[in-house]
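Report on the structure
Here is how the chains run, residue by residue.
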Amino acid sequence: MKYIHPHISPVFFLLLFALKGMAQEKEQSLDSVTVFAKTWRPTENLVDTRKIPMPVTVIGKEKIRLMGSRRLDEVLREQAGLAIVSDLGAGNRATGLQMQGFSSEYISVLLNGVPLAGRNNGNLDLSRISVADIERIEIIKGASSSLFGSEALGGVINIITRQSAVDPYISTTVLHGTYNTWDATVESATGFLQQKGNIHASGNFYRTNGFNVNPYLEKGSQTAPPYNNASFQLRAGYHFSERTELIFSGRYAGRQSEMTRNYGLSPYRDRLDEQDWNALLALNHTFNKQTRMAVKYYATTYQSKQDITLLQQGHSVSNTRFNEQVHRLELQSAWRSSNHALEGVAGAGGEYNATRTNTAGTDGNMYNYFVYAQLNGRLKPNLSWIAGARYDGNNLFGGSMNPSAAIKYEPLAWMSIRPSVGWGYRSPVYRQMYQVFTNIIRGYTVVGAHVFEEGIHTLKDAGMVQQVWPLAGKVAPLKPETSVSWNLGIELRPLATLELNINGFYNNIRNLISEQQVGVKTNGAQLFSYLNIARAYTAGTEMGFTWKPHSNLQVSGGYQLLYAKDRTILRDSIKNGNATVRDVPPRKAVPSDYIGLPNRSRHTASLQFFYTFQPWKITASLRGMYRSRAGFLDRDVNGFIDPYDVFINGYALFNASFQKELGKKLTLKLVVDNITDHTDYLMPAQPGRMILAGFSLNLSKEKHP
């Protein structure tokens, strides 16, 4: 590892030696334990997360149930090292996910191993996804392009839905509460044809009146819109024989939202209709004990229609249509030697991606093709290795080879050490290259980097440009981004009831594509374009623990220290004396003035308590999460966040849930989110205190699995 941040090593080694002494007394009585040595195994995807070089965190269905969460963003925001942030520049509804300092567009979100479509300015709105039928969520941190594709520079969120059912069951859950929020789910599953086949279906309906956390908005306006969301999920499998299985899974979701915004001058109504569906057909065949193969076809479509109407004038000022389609065909094979000393997975395939909009210059098609392979083996009983590579090709940008490698060393029965490295590659998208877009309400304009000169010339001729800054001279045809991700992970089990993990990471990014303000329009609004940042990095450390002091009590928590910076600002602007800050009087900037990339918190932490009192059949949870302050707006437009800019203040949120079983079929539920009612107008998607109550009813003969 080339780099270990100075804050990482002292903390780690202090903790390591403290635990060593605790573990010695237990060392003789413990068996070797593998964190992911579970019986669960995916069926339509032969990529096994137990064999991923990067750190992996798994959230199971039972933990999701105890949290009382309804949507995917609510689950992820409570995980250490992950942050749900608002992206105001992308519109009123845009929320994004951060992982190891990477923003949403660098995180691949998969449903049963295949990507979900429909991103707004790179952000995939995770509140579109209900957690009702999720079996588990796998979080893979670090560059994972070697197995999951070019979007996964920052990491992967893999959502696994319920895989199969043998005994028939049907259940329903209903919650109702603050903001007139309703969340209703019906699930059912059964086997058929003498258990050769199985089918699982679920439906979820969610609605809310929305809310307002911005005191500057007039009464009746919302920062988060009222919306209705309906989704349906179906998964079916049929075994032609013990060795061959055909699987189909499909999902449809539709959401309609409408909000009013009124700053006192020109109130407007914003309506958005969204639909997305995806379908997967997979055929798996086991040739023998050593070899399996899967053929998968996947298709997904996301459509949205957004209309903005001025209420006083009564006419439409903006309508946007967006349609994205993805078709993918992939062949996978998994193999292991007869003595299990060597295992591998390989795959090849192609993908067609088409985008259609009513915005000039943003239609386009892309063809991607890929081939990958990964092997893992054991050199000694306590030393194993993983190595793989993936070649991604694109009809516009050519191709790139992305290798990855890791070793796992277990010097003691209660300790494992895993250093890993992975390369990532990501092409620009059509929006960044060719889009010329003006936000009618806010007035700002975004000009794609590949049409920047023509776009600016047109705007100048129309008298819409007041000033173009020198930074605009750096706008040029975009280059693909590359990343090298280094991780050093350590897992400790000093006690039978205690698990600890520590991970240091360093991501070196070249040609990071960044949206930058490059001028001012005559109406005072911003003029944006995209340019490559030659060198940037994210670095830090993550720590987590799970402790079960009693069979009824589980405590878990985590902490992340993060540094995310643009090296060119330090090198070209500050150290060369080319930048100033808004001190009184204004002065030249020094390196300590540079805070880092916007919307990144230096410190994040979480702490969770789960308690079960079986005699009374009661379960309860109390969870807290903390984010330190984060830069939000470059007020003096000097090109970076400094102490005199606008910040989101540090904050802590606390959530709780309570469940009481009545007999074998009925469970009462109470959920309280954001107990302290903390809100901030710079976080428009974070609601105030929410209280919901409801029940789950199991209508089958046996207890719900």
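Just above, that's the structure.
What comes next is a walk through the structure. (Residues numbered from 1 in each chain as written. Predicted model: local features only at pLDDT ≥ 70, side-chain atom pairs only at ≥ 80, totals over all residues. Heavy atoms only, no water.)

1. Some remarks on the overall build of the protein
Operational definition: Secondary structure elements follow DSSP: runs of H or I no shorter than four residues count as helices, runs of E no shorter than two count as strands, and numbering proceeds from the N terminus. To sort residues, take the accessible area from a 1.4 Å probe on protein chains only and compare it with the maximum for the residue type: under 20% means buried, over 50% means exposed, and anything in between is partly exposed. Whether two residues are in contact is decided by their heavy atoms: any pair within 4.5 Å suffices. Surface accessibility follows the Shrake-Rupley procedure with a 1.4 Å probe radius. Residue values consider only the protein chains on display as shielding.
Each helix and strand in the protein was counted, giving 7 helices and 36 strands. Counting over 705 residues, the protein shows a buried share of 54%. Taking the contacts inside the protein whose residues are at least 6 apart along the sequence as the reference set, 64% of them involve residues at least 24 apart. A total of about 30,900 Å² of accessible surface is found on the protein, and carbon and sulfur atoms cover 58% of it.

2. Overview of unusual backbone geometry
Although it is not a glycine, Tyr-179 adopts a positive phi angle of roughly 60 degrees. Tracing the sequence through the fold places Tyr-179 in the loop between strand E8 (169–177) and strand E9 (181–192). Residues other than glycine seldom take positive phi values, yet Asn-511 does so here, at roughly 60 degrees.

3. A closer look at the packing of aromatic side chains
Heads up, the condition is: Any Phe, Tyr or Trp ring, taking Trp's six-membered ring, that has another such ring centre within 6.5 Å forms a pair; planes under 30 degrees apart are called stacked, those over 60 apart edge-to-face, and the others tilted. Two limits define a charge over a ring: the Lys NZ or Arg CZ must be within 6 Å of the ring centre, and within 35 degrees of the ring normal.
Under the counting rule described, the total for this entry stands at 10 aromatic pairs. On the basis of an interplanar angle of 85 degrees and a centroid distance of 5.9 Å, the ring pair of Tyr-594 and Phe-640 is categorised as edge-to-face. Note that Tyr-594 is positioned in the loop between strand E29 (587–588) and strand E30 (603–613) and Phe-640 in the loop between strand E32 (630–633) and strand E33 (646–648), a separation of 46 residues in sequence. The two residues Tyr-594 and Phe-640 agree in class, both being buried. Its guanidinium or amino end placed over the ring of Tyr-227, Arg-255 lies 4.7 Å from that ring's centre, counting from NZ or CZ. Sitting over the ring of Phe-647, Arg-629 keeps its end group 3.8 Å from the ring centre.

4. Some words on helix H7 (residues 567–574)
Among all positions in H7, only Thr-568, Ile-569, Leu-570 and Ile-574 are buried. Its buried side turned inward, H7 meets strand E26 (526–550) and strand E27 (553–566).

5. With respect to the pattern of salt bridges
Pairing is possible between side chains that carry opposite charge, provided their charged atoms lie close to one another. Operational definition: Only one rule defines a salt bridge in this text: a Lys or Arg side-chain nitrogen within 4 Å of an Asp or Glu carboxyl oxygen.
Considering all chains together, one arrives at 21 salt bridges under this definition. For Glu-330, the salt bridge identified is with Lys-296, shortest N-O distance 3.9 Å. Of this pair, Glu-330 sits in strand E15 (residues 315–336) while Lys-296 sits in strand E14 (residues 291–310), placing them 34 residues apart in sequence. In this structure, Glu-330 and Lys-296 share a single accessibility class: buried. The partner of Glu-330 in a salt bridge is Arg-328, and the shortest N-O contact between them spans 3.9 Å. By relative accessible area, Glu-330 is classed as buried at 6%. The class for Arg-328 is buried, based on a relative accessible area of 12%. Through salt bridges that share partners, Glu-258, Arg-269, Arg-271 and Asp-273 make up one connected network.

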